[in-house]
Amino acid sequence: MHDTYHFQEIFSLLQSTLKTIQKPLVSRTTWDHIQKKPFTVLISCLLSLRTKDEVTEKASIRFLKNHDTPEKIIKLSERTIQQYIFPVGFYKIKAKRIKEISQTLITDYGGNVPNDFQKLLSLKGVGRKTANIVMVYGFNDNGYLPIDTHCHRIPNRLGWVHTKTPEETEKQLLAILPKQYWQDFNHLFVQFGQTICTPLSPHCSTCPLTNYCPKITVGTHR
Ligand code: SF4
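Residues numbered from 1 in each chain as written. Predicted model: local features only at pLDDT ≥ 70, side-chain atom pairs only at ≥ 80, totals over all residues.

Caption draft 1: Quick look at the site of the ligand. Contacts to the ligand come from 14 residues, most closely from Cys-197, Pro-202, Cys-204, Cys-207 and Cys-213. Tallied by class, residues from the shell around the ligand come to nine nonpolar, three polar and two charged. (Near = placed C-beta within 6 Å. Nonpolar A, V, L, I, M, F, W, Y, C, P; charged D, E, K, R; others polar.)

Written out as C-alpha cells, the structure is:
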C-alpha cells in the first residue's frame, strides 16, 4: 500500500531540496537567546497562529528571552505582554490567552506544561495543531502529526488524502503514513508549502515531486 504513495521517494526528494532552507522556529533543534522547552514551544506556537514566520521568530525571542516560565509571565500586565509580542496577529487576544494559560499551568500543573495531548487541548486557546506541535517539538514525542494549512493542502494535491479539514487530514495521514516519516513531516511540508507548493499558483514546472504528483485541485500553476 505504501508504495502507491511513493513516500520514500518523496521524503528523500524533499530532504535534499529543502536542506538549505531555514526551518520554522519551533522545529529547530536549538534556539538562540532562549531555552527551547515545552513551555517556550507552546508560547511560540501560540504567537505563530495567523502570523508570518519572521514576525513570530522576532516576537518569540523578544518576549521569551526574559520570560520563559509561567511564573515570570503572570507578573506582567496584559498590556506589557501586548507590547512585547506586537505585531503578531491578534496580539491582544494572544496576550490575554498567554496570561490565562500561564496561570492555569501554575494552578493545575505545578508550573509545568502537561506531557499529555488531551490536557494540552483543554487549555484555553490551544487547538489540535498547537497541542501536536508541543508534543512533537516540545516533548520530542514522534507519535503525533501537527497539521497546518500546508500539511493539509499538499497531501491533498498529491492524492495521499481527500479531505476538507486539517482534522480529517490528520486522521487519514495517521492511518497511511509510515511512522518513520512522522518526525520530519511537519517541518518539511511547511517549508515546501512556503517555497514551492504554494497555496496560489504553485511552482509545478520546477517542482522535484512533479513525476509523483497528480496535482489534484491545482488550477493555475507556474
Ligand atoms: S507538482 Fe505542483 S502541486 Fe504537485 S507537489 Fe509539486 S508544486 Fe505541488
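From this point on, the discussion continues.
Caption draft 2: Representation of the domain arrangement of the protein within the structure. Domains assigned within the protein are domain 1 (2–21 + 145–206) and domain 2 (31–138). Centre-to-centre, using C-alpha coordinates, domain 1 lies 26 Å away from domain 2. With eight residues of domain 1 at the interface, the matching set in domain 2 holds five residues. The greatest single-element share of the side of domain 1 that touches domain 2, amounting to three residues, is contributed by helix α10 (residues 166–176). (Domains from an automatic or database assignment. Contact = placed C-beta atoms within 7 Å. Helix = DSSP H or I, 4+ residues; strand = E, 2+ residues; numbered from the N terminus.)

Caption draft 3: Expanded view of the environment of Ser-48. Inspection of the secondary structure puts Ser-48 in helix α2 (residues 38–48). For the pair Ser-48 and Leu-25, spaced 23 residues apart in the sequence, the C-alpha separation amounts to 9.5 Å.

Caption draft 4: Structural context of the packing of helix α1 (residues 7–18) against helix α11 (residues 182–195). Where α1 contacts α11, the axes come no closer than 10 Å and their chain directions differ by 60°. Judged on the interaxial angle alone, α11 and α1 are oblique. The handedness of the crossing between α1 and α11 comes out as left-handed. Contacts between α1 and α11 pair Phe-11, Leu-14 and Leu-18 from the former with Asp-184, Leu-188, Gln-191 and Phe-192 from the latter. (Axes fitted to C-alpha atoms, helices over the stretch in contact; angles between N-to-C directions. Parallel < 35°, antiparallel > 145°, perpendicular 65-115°, else oblique. Left-handed = near helix turned anticlockwise from the far one by under 90°.)

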